[in-house]
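# Report on the structure
This is what each chain is made of:
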Amino acid sequence: MAARTRLIVHLLAFLIALPTALRAQSVPAPADEFGFTMGADNKLIDWKQIDSYFRKVGDASDRVVVRELGKTTLGKPFILGVISSEENIGKLGRYREIQHRLARPYELSPADAAALIDEGKSVVLITLNIHSTEIAASQESVELLYELATANTPRVKKILDDVIILLIPSLNPDGQQIVVDWYRKTLGTPAEGSSPPELYHHYAGHDNNRDWFMYNLAESRHTAGILYHEWFPEIEYDQHQMGSSGPRLFVPPYEDPVNPNVAPELTAQVNLLGKYVVADLQTRGFRGVATGTVFNAYFEGTMSKTPLWHNRIGILSEAASVRLASPVYLPPGSLNGYGSELPENKAQTNFLDPWEGGWWRLRDIIEYEKAATYAILEFASEFRHKVKSNFYELNRRAIADGSASAPFGYFIPADQRDAGAASEMLKRLLIAGVKIEQLTAGVTVGHRPVPAGSYYISLAQPERAYVKDLFENQKYPDLKQYPGGPPKRPYDITAWTLPLQMGVETIPQDVPAALQTVVVDTIVPAGSVDGASGTFRVLDRRNNNAFAVAQELFKRPVRVFETGDSLRTGGTALPPGALVVRQDALTAAEAERLARKWGVRFLSVADIPAASLTPVSAARVAIYQPWLTSMDEGWTRLVMDNFGVKYSILNNDDFKKKEAGLGKRFDVIILPDMGTNQIVRGRWGGGDDDGPMLGTPERPKEYQGGIGDEGIAALTEFLDAGGTLLTLGESSQFAIDKLKLPARNELKGLSSSEFFAPGTILGITLDTGNPLTYGMPPAASAYFTGGQAFRLLLYTRESRIVASYDGDDVLKSGWLVGGERLAGKVAMAEIPVGKGRVVMYGFRVQHRAQTHGTFKLFLNALLRRGSE
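Residues numbered from 1 in each chain as written. Predicted model: local features only at pLDDT ≥ 70, side-chain atom pairs only at ≥ 80, totals over all residues. Heavy atoms only, no water.

## So, the overall build of the protein chain
Looking only at helices and strands, the protein chain features 24 helices and 38 strands. For the protein chain, whose C-alpha radius of gyration is 29 Å, the value lies close to the compact-globule estimate of 29 Å for 868 residues. For the protein chain, the spread of C-alpha atoms along the principal axes amounts to about 110 × 70 × 55 Å. A buried classification covers 60% of the 868 residues belonging to the protein chain. Contacts spanning at least 24 positions in sequence make up 80% of the contacts within the protein chain whose residues lie at least 6 apart. As displayed, the protein chain has an accessible area near 33000 Å², and 52% of this comes from carbon and sulfur atoms. Taking the 92 positively charged and 99 negatively charged side chains of the protein chain as two groups, their mean positions are separated by 2 Å. (Helix = DSSP H or I, 4+ residues; strand = E, 2+ residues; numbered from the N terminus. Rg over C-alpha atoms; globule rule 2.2 N^0.38 Å. Buried < 20%, exposed > 50% of the residue type's maximum accessible area, 1.4 Å probe, protein only. Contact = heavy atoms within 4.5 Å. Areas by Shrake-Rupley, 256 points an atom, 1.4 Å probe, with all protein chains shown as cover. Lys, Arg positive; Asp, Glu negative; His and termini not counted. Charge placed at Lys NZ, Arg CZ, Asp CG, Glu CD.)

So, in structure tokens, the structure goes:
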């Protein structure tokens with residue numbers, strides 16, 4: 001009888017498990033689906049295949065739900081896989097609710113929090129392939145999904161029981177497709193393994209991993225919804241690749257310095273998890289794993305680090321690269337160290353077991369990255385209670401700390417100089433999950449009245465560290481490579497203060513006060529049309545969005561003018577540069593539509609002297625797009641697209657066409673921030689070279705070179721004919737060297753000990769009488785990285801100083817060595833050449849499409865002034 005009972009029990013268990021087993025069998029293995037093992041030499045799957053496979057597994061497996069979060073920049077599906085046990089998948093709504101309550105514990109009692117922690121699951125977000133040439137992670141994605149969907153090993157089953165895994169197979173599907181298409185096209189040619197001759201993100205290229213507080217890009221915004229609005233994962237793991245000749249893998253702990261706004265116990269958790277990964281990989285035979293070198297967690301703005309300021313564990317891994325899918329061989333003795341904390345490929349505390357060399361393949365990268373993934377998921381499973389408790393406690397304490405110490409919050413007054421920039425800043429903060437309130441009654445802070453309708457951000461919220469870090473002026477530590485030595489270069493930049501970059505006035509709240517507010521979840525810029533009668537409708541040029549309105553008017557077309565003098569209408573005083581249209585050229589209904597769309601105010605003016613009005617129209621704009629890709633070029637296009645500027649792309653051959661000169665086709669040509677050798681020869685560095693080392697992939701001839709001497713001659717002819725050349729950042733040195741401008745860069749040739757500004761915000765003073773500065777205040781903040789400080793030289797014509805760096809108070813945020821070298825020097829200049837002019841920008845006027853505070857200095861140069 002007992003044996004019969006056992007048989008029945010086993011039979012029932014088998015029948016219960018049978019549907020799941022059959023569904024697992026219906027999930028095709030990647031090798032069967034694609035015809036090769038992931039990571040096989042010279043083989044890659046593309047985004048269309050990955051997307052299709054994820055959806056197929058989502059349909060076939062009870063452990064997987066696949067969702068499309070939206071479209072990419074170029075319209076491809078951006079997808080997320082949610083993976084857990086069948087039971088957990090059935091209760092995803094409940095687990096999202098738990099995450100939300102622990103992430104926002106404003107009214108959550110300790111007892112209720114403890115119950116939710118006991119009930120909840122660890123939530124881990126894994127993001128892959130943000131940098132498209134770091135292709136291994138996208139190939140790993142399908143294999144990882146398959147194993148989690150089908151495996152029944154004790155390790156996987158425990159992970160699935162305890163963890164909800166959020167898997168984004170590529171943070172840049174557009175680029176993933178671009179890279180795979182290029183690799184397939186060049187396979188078996190001398191270009192095999194080279195990077196594509198275009199940015200692998202349409203706007204940002206490699207800088208798509210610098211968008212994680214600004215959210216300029218569609219892909220960043222989709223992911224932020226998962227991070228800060230829907231799932232609130234406690235752990236975020238972002239996979240990357242690095243150079244080939246150092247360690248095989250990097251994981252945290254990160255290198256110094258430590259950001260003071262990140263909670264020490266959170267950094268300790270990052271360190272603990274990183275070392276857990278190292279220990280697990282070591283026991284499994286993975287050699288060459290490094291920690292604590294090169295990659296720091298000071299800069300807020302990368303996918304893996306920004307979650308730290310939201311009380312999440314953020315883990316970056318970097319695996320040694322191959323040539324896309326082509327293997328490389330590293331002879332014994334050829335491997336190097338990595339950074340100052342790992343000077344040689346020798347064993348030390350942060351690098352316990354060096355890899356000595358040999359063949360390195362795409363499959364090796366997948367194995368390392370997958371092993372690290374499983375170690376992180378195992379950690380999240382084993383320490384589920386601790387992970388969730390720490391997350392809740394950090395959120396709870398942030399709320400308490402924000403009520404206990406200054407600053408208690410920040411006011412963003414409604415009466416901003418540029419209301420459009422203020423609205424944009426607030427929108428970006430909402431994307432990041434920041435709680436924003438609006439004043440229903442005005443207050444006075446110090447001697448500054450803050451009217452009703454202004455915004456207020458309390459620091460008594462879980463995002464306290466995030467807001468504080470973005471609003472404070474950064475003070476980067478003065479680190480040296482060795483005692484008394486030159487500065488130690490940071491991993492990226494040292495300043496990102498958002499109000500300074502965007503030109504937005506914010507007021508810290510240093511004294512607690514009872515405020516009358518309402519919480520807002522959308523920011524709608526106030527737009528209006530003055531109902532008073534008049535001859536003209538006028539737009540205040542101080543609002544960046546007035547430029548976008550003008551672009552729409554140009555396309556209708558409506559005649560637009562700018563004022564050369566100040567205006568006063570009613571109680572509003574407008575500085576020179578206001579944009580003007582006749583009332584009879586723009587109906588009230590159309591003006592209302594534009595006002596609402598762009599958040600601008602049309603004022604009514606009865607009379608403006610004709611002598612004060614200058615016609616303005618859209619210039620015919622072109623931007624140089626080199627084959628040696630420039631991220632600055634991409635960001636510049638994004639700014640122009642956002643403001644409705646129509647432009648053309650110039651490649652090298654366009655500078656060499658004799659049948660139609662540049663001046664006949666364009667009014668303005670933009671050279672992005674890139675060096676003289678890049679522009680002229682299409683090569684990195686400053687001097688001649690004999691070409692690449694044997695075995696280094698080289699692009700086809702049609703994608704090599706720069707504009708050459710023919711291009712220099714074409715630009716000279718363009719200027720002689722009356723064109724405007726905008727030289728952004730380092731390309732100004734090209735204008736000095738090759739166009740022989742009467743100017744000198746005072747920083748050229750200085751060592752880093754003499755001058756160093758690695759991503760720094762500086763003060764500038766402007767000539768507000770120059771039309772290039774219309775709408776700008778007399779003083780502003782400018783972003784400086786690898787920039788220029790000019791001295792204008794003797795000339796037979798009048799060169800104009802548009803902006804100068806401030807004197808003793810030039811540093812606003814970040815790190816600056818040798819500030820006296822640029823204090824008072826020219827930051828932006830307008831130099832006449834022939835019938836045209838060159839406008840040189842010594843700073844990043846549109847840095848990563850973040851610096852709304854200086855956009856006008858760029859946008860104003862894209863207008864054509866005078867009668868057509």
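Let us keep going from here.
## Thoughts on unusual backbone geometry
A cis geometry characterises the amide bond from P252 onward to P253, with omega recorded as 15°. Considering the arrangement of structural elements, one finds P253 in the loop between strand 6 (249-250) and helix 11 (264-283). Cis geometry is found at the peptide bond from D256 to P257, where omega equals 10°. With a phi angle near 70°, N311 is a residue other than glycine that sits in the positive phi range. Inspection of the secondary structure assignment puts N311 in the loop between strand 7 (289-290) and strand 8 (313-320).

## Structural notes on the sheet that holds strand 20 (residues 560-563)
By way of backbone hydrogen bonds, the strands of a sheet pair with one another, either parallel or antiparallel. The seven strands lie next to each other as 18-24-19-23-20-25-38, forming an open sheet whose pairing is mixed. Unpaired on one side and paired on the other, strand 18 (528-529) and strand 38 (863-865) mark the two borders of the sheet. The pairing of strand 20 with strand 25 (residues 613-618) spans four bridges and is classified as antiparallel. Each residue of the ladder has a partner; that of F561, found in strand 25, is P615. Docked against the sheet, helix 17 (residues 545-555) engages strand 19 (536-539), strand 20, strand 23 (579-582), strand 24 (601-605), strand 25 and strand 38, running at close to 75° with respect to strand 25. (Pairing = 2+ DSSP bridges. Axes fitted to C-alpha atoms, helices over the stretch in contact; angles between N-to-C directions.)

## A short note on the sheet that holds strand 11 (residues 409-412)
The strand order across the open sheet built from five strands is 16-11-15-12-17, with neighbouring strands paired in antiparallel fashion. In this open sheet, the two edge strands, each paired with only one partner strand, are strand 16 (507-509) and strand 17 (517-520). Looking at each pair of strands side by side, their axes are set apart by 30° on average, direction ignored. With four bridges joining them, strand 11 and strand 15 (residues 455-458) adopt antiparallel strand pairing. Counted as the bridge partner of Y410 is I457 from strand 15.

## As for the side chain of T494
By the secondary structure assignment, T494 is in the loop between helix 15 (464-471) and helix 16 (498-502). T494 sits in the buried class, given a relative accessible area of 0%. Apart from the residues lying within four places of it in its own chain, the contact partners of T494 are Q474, Y476, P758, G759, T760, G814 and W815.

## A few points about the pattern of salt bridges
Applying the stated rule across the entire model yields 61 salt bridges. One salt bridge in this structure joins E393 and R396, with 2.4 Å as the shortest N-O distance. You can see E393 and its partner R396 sitting in helix 13 (residues 384-404), three residues apart, about one turn around the helix. Bridged by salt links that share partners, the residues E143, E147, R363, E367 and K370 form one connected network. (Salt bridge = Lys/Arg side-chain N within 4 Å of Asp/Glu carboxyl O.)

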